[in-house]
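Examination of the molecular architecture
Residue strings, one per chain:
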Amino acid sequence: MKQKFLSQILPCMVIFGLCGCSSSDSDGNIVGPDRKSSAAEEPIESSSSAKEVTPVDYSKGAAMNKKLGNGINFGNTFDATCETCWGAGPVKPEQVALMAKLGFKTARLPVRWDEAASKEAPYTIKPEYIARIKEVLGYFKDNNMRVMMNMHHHASFLNDMVNGMPNEANAEYNLTRVDSIWAQISREFKDYDNDFLLFELFNEPVNGVSSDLYNTMIQRTYPIIRKHNPGRTLVYNTYPWGGYAGIKKLVLPENDGNVIIDVHYYEPQLLTHQGHNTKCDVNNPVKWLGSRAEKSKISTDFDNMRAYADARFPATNPEGIPITIGEFGVSTCNNLDSKAKWIEFVVETMDSHDMSWQYWAFTSVGGFEFYNKKSNTWEVSTLEALGIDPSLVEGQFPPSSASISSSSSTESSSSIDTSSSEATSSSSEE
Ligand code: BGC
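The following refers to the structure shown. For clarity, every value in this text was computed on a predicted model and none was experimentally measured. (Residues numbered from 1 in each chain as written. Predicted model: local features only at pLDDT ≥ 70, side-chain atom pairs only at ≥ 80, totals over all residues.)

1. Here's the deal with the overall build of the protein
Tallying secondary structure elements over the protein gives 13 helices and 17 strands in all. In the protein, which comprises 430 residues, the share counted as buried stands at 50%. Considering only contacts in the protein between residues 6 or more positions apart, those separated by 24 or more positions represent 79%. (Helix = DSSP H or I, 4+ residues; strand = E, 2+ residues; numbered from the N terminus. Buried ≥ 20, exposed ≤ 12 C-beta atoms within 10 Å, placed from the backbone. Contact = placed C-beta atoms within 7 Å.)

What follows is the structure, encoded as structure tokens:
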């Protein structure tokens, strides 16, 4: 059964800033995914060439992946149209300190360089923007966290389509601009310790950024980035939407073992994206009970993910090519119990597959978050599912009175982040 999602432009204009909802806003910016079921539905191209690939020693990437461990996305901050535009920012030192205290080893920092760089050559990034990113990197450094910094919501390219297809006429311009922005990033951040900072080329290529354009981008930016960053671990997300089927289409830089594949995991979408791709119906939310069949589907996805990666990127090191799950999560829709069960099982599965992970996200991301900034409340059940001791958040953040929403009130609407129930951005039709 094919689902068609209604146009989301109007709802996004209304709830812009609250949701991670999809397609374009009034400015033509990508504000979140109108995801397809990224794992299973994408047609798989054969990768017969993979059989001829010489095995690579990915031990450098694998060692870094081990260090990444469990992490947290600082979503809707620098990936928003401005740091405070979508409600999650500004990033504060005390927030970073708390994330470190909760046990997160890594932060994924999504950055909308598109907004900060000129549209004309040489596509200069505003110096004050770079300065602010450096200041925030300092917060993570001070707290002994690593940072995986990316290019996120590069809307000018992602939305550049003609009749639903990538705008080939602009491809050279779009690729050149990405090259130039990465040239600047790689110069500006070259002195950061390789052990501290990783670069992720591009978040969720899709729409205007076809699989071919994305692979071209990878090949073109690689020497540009490596010129000043010979020892840095480079991370590559998959086409489309970061789904794992995209591993079969990915063309990585040749013979470089200091890389990590980033896959995003949100299956089943009908559970994870309520209030985003589909309506959040608080009276009848989609649940996840942790049945044998539900668990088996997830386990199979992760087994396939590993198998696809091993087949396409043969390795000489025992761990194989490393995989991080750069995003996973559930948007709350009166189903905290389901959310917790799903997260707990996905974490267990990622851990058993030796994959590092970064939860989407800390705060104000339309319901995926475990901290509601507006009400200063925490989703205890979500924290616990992530393996975090909830007593650590008590009294955060002074001086306001932090309260903790109890997991026992899981299915009550009072524990729902209002932003998620407001984020009813589309409905589906047969
Ligand atoms: C997007 C967010 C979205 C999240 C979950 C991220 O990649 O940047 O806007 O909410 O995925 O769909």
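2. What about helix H7 (residues 171-188)?
Along its 18 residues, H7 runs 26 Å from first to last C-alpha, staying within 8% of the 26 Å computed at 1.5 Å per residue. Residues of H7 that are buried in the fold lie against helix H4 (113-116), helix H6 (155-158) and helix H8 (211-228). (Expected span 1.5 Å × (residues − 1).)

3. Examining the sheet that holds strand E4 (residues 70-73)
Overall, parallel pairing links the 8 strands, which are arranged E4-E5-E6-E9-E10-E11-E12-E13 in a closed barrel. Strand-to-strand twist in this sheet, taken as the mean axis angle between neighbours without regard to direction, amounts to 25°. Direction of pairing for strand E11 (residues 259-265) relative to strand E12 (residues 323-328): parallel, over a ladder of 5 bridges. Looking at the pairing, Val263 lines up with Ile325 of E12. (Pairing = 2+ DSSP bridges. Axes fitted to C-alpha atoms, helices over the stretch in contact; angles between N-to-C directions.)

4. Concerning the packing of H7 against H8
Where H7 meets H8, the closest approach of the two axes is 9 Å, and the angle between their N-to-C directions is 25°. Taken together, H7 and H8 sit at an angle that is classed as roughly parallel. Considering only the axes of H7 and H8, their crossing is right-handed. In this structure, H7 contributes Ala171, Leu175, Val178, Asp179, Trp182, Ala183, Ser186 and Arg187 to the contact, and H8 contributes Leu213, Thr216, Met217, Arg220, Thr221, Ile224, Ile225, Lys227 and His228. (Parallel < 35°, antiparallel > 145°, perpendicular 65-115°, else oblique. Left-handed = near helix turned anticlockwise from the far one by under 90°.)

5. So, helix H5 (residues 127-142)
Taking 1.5 Å per residue as the helical rise, H5 with its 16 residues ought to reach 22 Å, and the 23 Å between its terminal C-alpha atoms agrees with that figure. Among all positions of H5, only Ile133, Val136, Tyr139 and Phe140 are buried. Down the axis of H5, the sector holding all buried residues measures 105°, keeping them to one side. Away from its buried face, by an angle of more than 90 degrees, H5 presents the exposed residues Pro127, Glu128, Ala131, Lys134, Glu135, Gly138 and Asp142. Following H5 by one or two positions, Asn144 adopts a phi angle in the positive range, close to 55°. (Arc of directions from axis to C-beta.)

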